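Examining the three-dimensional arrangement
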Number of protein chains: 2
Amino acid sequence: MPLPPDATLADVGEFGLISALTELFTQGEHVLIGPGDDAAVLRVKTGHVVVSTDLMVEGRHFRRDWASAEDVGHRAAAQNLSDINAMGGRATSLTIGLAAPADLPAAWALEFARGFADECALVGASVVGGDLTRSDQVVIAVTVIGACTQSPVVRSGAEPGEVLALFGRQGWAAGGLAVLGRGFRSPRVLVEAYRRPEPPYDAGRVAAEAGATAMIDVSDGLLAEAGHLATASQVAIDVRREAFEIPEPLQAVGAALGADPLQFILGGGDDHALLATFAPDTVPDGWSVVGEVTEAGEDGPGVTVDGAAYDGPTGWTHF
Amino acid sequence: MPLPPDATLADVGEFGLISALTELFTQGEHVLIGPGDDAAVLRVKTGHVVVSTDLMVEGRHFRRDWASAEDVGHRAAAQNLSDINAMGGRATSLTIGLAAPADLPAAWALEFARGFADECALVGASVVGGDLTRSDQVVIAVTVIGACTQSPVVRSGAEPGEVLALFGRQGWAAGGLAVLGRGFRSPRVLVEAYRRPEPPYDAGRVAAEAGATAMIDVSDGLLAEAGHLATASQVAIDVRREAFEIPEPLQAVGAALGADPLQFILGGGDDHALLATFAPDTVPDGWSVVGEVTEAGEDGPGVTVDGAAYDGPTGWTHF
């Protein structure tokens, strides 16, 4: 259904918008009943179903002046698909709840949905249902359902003697966010990394098959996520500064903002790189070893950097 | 973890609250990994997985001065469990996203979670995951996953010659809402029906087994939902006024507010009664026949009341 270019959600109405959105979502063969009934119906094989949910709030997780609707759609999908990746699974189906002011341009919702659908297409997942309602602020609620072909990789399996390894870009999105926060638009590659992360969707399954003992995706900050692994596994993790190569755009941003570029890597999130522990001789290709797992000391489980407590920001807190 | 009675979300912090909330959610045997990892992991049997999602926004779907946190929790769970009921399935697992202002009392979130968990326990479903973040307004996003032991009952299967039947209280919540809207607190039974609906959780599966051809739960209004069945099935549905007994509390509210009490029944939602179509001789016990399915006429699929267009409110629209 073509919408007038300046139509708002109120102009188009709930059912008009749902109808326009639904057309954007192609359904995979596993979807027996897609959007439009009381519930979607999926065909599943016996095994493990993996489920995760995330909220994104305008002004907190995204700004409409910093990212296009399509970018926000990509990010909303990516951060959820990444949670399934971090279990070693593959996403199959997602639902979207969109709460939005009545004066939100309908075109924003459609562009958002287009970006969301395009990101899901990267892993062959379908948007199978959703809800749309009015609120003062744009809030996006996504739930993702996936499947594992082997045992899911949880956070609690790391053992002393193993190594911590990283797969994917890390710190780029944080660099992009810092740039945007100062009113700049370059280095463009970092701003793009913030607007549209590129989670390594195949790496999770490969890591699981290689015997990863614990895994998490870096959404809130590398040291914060390493801390989650340490706490869940009741171990200590030491991260080595020298293990990280500082990519050129992060060096440039560090110089321009007078900041240590390693801060973006150690404290930044939003790239959805994967962080996993492996027995030393089982680290798959493409993963960089960035630390070691040891017995928890007197202070209990936790993360150190080069053997000492880290005094920079380690990640994002929500309250 | 005991929380100080006047602590806010900001005081308790994201992880403190998540930890307190998680303790409230007991996990069923099908839950291999519950809250706390990147995703929950569920054991499923081969078959149909049924998924639905719903948003509730403060000031729009609930008011904190009209309902306790526990009631809001019951309602949030009930409306989602009801969507699975309306497919003829049984809910097994739910996720909750809670976006809330930093000054929300932590006790509100805990009471909400307690009500939510208690409602889920009625059908043996588990809260397997969630997300918590800050927003200007309380927004609750729930996704429910369920299973069907037989083919799911969709909206599109109604055929001319069948009957429309209703199971469960209908109009009570709308009566309660009308009462609250005028600043009253009685009849108490209606106010309670609004605050804490009692969806007929067993009736959906029974209807499916009896051969219901189309089914929906009444969340937005009986005639609106009948309209969804008519449109999806490409039929006409005629609802008969005389088929409804007006329960005494609705008669009282009608008299007090100078309204036709049938309006609450025909236009009211939120009770989550079930509306289904059956071949005339297959209507299960406890269901009331309230209308007939006929061929769509010249005006296309739609709903009439006693053979004529209805001029009252038929349900709720979101924009």
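Residues numbered from 1 in each chain as written. Chains lettered and ligands numbered in written order. Predicted model: local features only at pLDDT ≥ 70, side-chain atom pairs only at ≥ 80, totals over all residues. Heavy atoms only, no water.

1. Regarding the overall build of chain A
In terms of helices and strands, chain A carries ten helices and twelve strands. The C-alpha radius of gyration computed for chain A amounts to 20 Å, which stays within 12% of the reference 20 Å derived for 319 residues, consistent with globular compactness. Summarising its shape, the C-alpha atoms of chain A cover approximately 60 × 50 × 30 Å along the three principal directions. The proportion of buried residues among the 319 residues of chain A is 59%. When contacts within chain A are restricted to residue pairs at least 6 apart in sequence, long-range pairs at least 24 apart make up 84% of them. Distance between charge centroids for chain A: 6 Å, based on 19 positive and 43 negative side chains. (Helix = DSSP H or I, 4+ residues; strand = E, 2+ residues; numbered from the N terminus. Rg over C-alpha atoms; globule rule 2.2 N^0.38 Å. Buried < 20%, exposed > 50% of the residue type's maximum accessible area, 1.4 Å probe, protein only. Contact = heavy atoms within 4.5 Å. Lys, Arg positive; Asp, Glu negative; His and termini not counted. Charge placed at Lys NZ, Arg CZ, Asp CG, Glu CD.)

2. Focus on the sheet that holds strand E11 (residues 288–295) of chain B
Residue and element names in this part refer to chain B. As summarised here, the arrangement of the six strands in space is E8-E10-E7-E11-E9-E12, forming an open sheet in which the pairing is mixed. The strands lining the two open edges of the sheet, one partner per strand, are strand E8 (214–217) and strand E12 (302–305). Strand-to-strand twist across the sheet, computed as the mean angle between neighbouring axes with direction ignored, equals 25°. Sheet topology places strand E7 (residues 163–167) next to E11; four bridges connect them, and they run antiparallel. Among the inter-strand pairings, Leu166 is bridged to a residue of E11, identified as Ser288. The sheet contacts of helix H7 (residues 203–210) involve E7, E8 and strand E10 (274–278), and relative to E10 the element is tilted by about 5°. Contacts from helix H8 (residues 222–233) reach E7, E8, strand E9 (235–239), E10 and E12 within the one sheet, and its direction differs from that of E8 by about 150°. (Pairing = 2+ DSSP bridges. Axes fitted to C-alpha atoms, helices over the stretch in contact; angles between N-to-C directions.)

3. Let's talk about the environment of Gly291 of chain A
All names here are of chain A. Within the fold, Gly291 resides in strand E11 (residues 288–295). A sequence separation of 15 residues divides Gly291 from Ala276, and the C-alpha atoms of the two residues are 10 Å apart. Filtering out sequence-adjacent residues up to four positions away, Gly291 remains in contact with Val163, Leu164, Asp238, Val239 and Arg240.

4. Some details on the UniProt feature "domain: PurM-like C-terminal" (unreviewed entry) in chain A
The UniProt record annotates "domain: PurM-like C-terminal" (unreviewed entry) at residues 159–297 of chain A. From the first C-alpha to the last, residues 159–297 of chain A spans 14 Å; its make-up is 40% helix and 19% strand. (UniProt positions renumbered as here; feature names shortened; annotations may be inferred.)

5. Quick notes on the UniProt feature "binding site: Mg(2+) 5" (unreviewed entry) in chain A
All names here are of chain A. UniProt's feature table lists "binding site: Mg(2+) 5" (unreviewed entry) at Asp220, given in the numbering used throughout. With respect to the secondary-structure elements, Asp220 resides in the loop between strand E8 (214–217) and helix H8 (222–233). For Asp220, a relative accessible area of 19% translates into the label buried.

6. Some points on the pairing of E8 of chain A
All names here are of chain A. The side-chain alternation of E8 yields two buried faces, one formed by Ala214 and Ile216 and the other by Met215 and Asp217. Summarising the sheet, E8 and strand E10 (residues 274–278) pair through four bridges and their orientation is antiparallel. Looking at E10, one finds that Ile216 is bridged to Leu275.

7. Observations concerning the relation of the copies chain A and chain B
Each copy superposes on the other: chain A lies on chain B with an RMSD of 0.0 Å after a rotation of 180° and an axial shift of 0.0 Å. Taken together, the rotation and translation describe the operation of a two-fold axis. Both copies contact each other with a shared surface, as 100% of the interface residues of chain A are interface residues in chain B too. (Least-squares fit on C-alpha atoms with pLDDT ≥ 70 in both.)

8. As for the packing of aromatic side chains
Residues and elements named next belong to chain B. Overall, the coordinates contain ten aromatic pairs over all chains when judged by the stated rule. Ring geometry for Phe62 and Trp108: centres 6.1 Å apart, planes at 20°, overall stacked. Of this pair, Phe62 sits in the loop between strand E3 (47–57) and helix H3 (69–85) while Trp108 is found in helix H4 (residues 106–121), placing the two residues 46 residues apart along the sequence. Classification of Phe62 by relative accessible area gives buried; the value is 1%. (Phe/Tyr/Trp six-rings, centres within 6.5 Å; stacked < 30°, edge-to-face > 60°.)

9. Considerations on unusual backbone geometry
All names here are of chain A. Of the consecutive residues Ser186 and Pro187, the connecting peptide bond is found in the cis state with omega at 10°. With respect to the helices and strands, Pro187 occurs in the loop between helix H5 (172–181) and helix H6 (188–195). Unlike most non-glycine residues, Asp270 shows phi in positive territory, near 75°. Its location among the elements puts Asp270 in the loop between helix H10 (261–267) and E10.

10. Some words on the packing of H5 of chain A against helix H9 (residues 248–257) of chain A
All names here are of chain A. It is the contact of H5 with H9, at a shortest axis distance of 10 Å, that shows an interaxial angle of 35°. The crossing of H5 and H9 is left-handed. Each of Trp172, Gly175, Ala178 and Val179 in H5 lies in contact with H9, whose residues at this interface are Pro249, Leu250, Val253 and Leu257. Looking at side-chain class alone, the contact of H5 with H9 contains seven nonpolar, one polar and no charged residues. (Left-handed = near helix turned anticlockwise from the far one by under 90°. Nonpolar A, V, L, I, M, F, W, Y, C, P; charged D, E, K, R; others polar.)

11. Looking at the sheet that holds E11 of chain A
Residues and elements named next belong to chain A. With mixed pairing, six strands are arranged side by side in an open sheet as E8-E10-E7-E11-E9-E12. What marks the edges here is a single partner per strand, and that holds for E8 and strand E12 (302–305). This sheet shows a mean twist of 25° between the axes of neighbouring strands, independent of strand direction. Bridge analysis of strand E9 (residues 235–239) against E12 gives four bridges, and the strand direction is parallel. Each residue of the ladder has a partner; that of Ile237, found in E12, is Val303.

12. Structural notes on the interface of chain A and chain B
Taken together, the contact pairs 66 residues of chain A with 66 residues of chain B. Between chain A and chain B the total buried area reaches about 5100 Å² when both faces are included, carbon and sulfur atoms providing 62% of it. Put simply, chain A and chain B have four salt bridges between them. At ten residues, strand E3 (residues 47–57) of chain A tops the list of elements feeding residues into the side of chain A that touches chain B. For the side of chain A that touches chain B, a count of residues per class yields 34 nonpolar, 19 polar and 13 charged. In this sheet, E3 of chain B lies alongside strand E2 (residues 40–44) of chain A in antiparallel orientation, the contact comprising five bridges. Across the sheet, residue Leu42 of chain A finds its bridge partner in E3 of chain B, namely Val49 of chain B. (Buried area = accessible area lost by both parts, 1.4 Å probe. Salt bridge = Lys/Arg side-chain N within 4 Å of Asp/Glu carboxyl O.)

13. Observations concerning H6 of chain A
Taken together, the buried positions of H6 of chain A are occupied by Leu190, Val191, Ala193, Tyr194 and Arg195 of chain A. Residues of H6 of chain A that are buried make contact with helix H3 (69–85), H5 and H9 of chain A.

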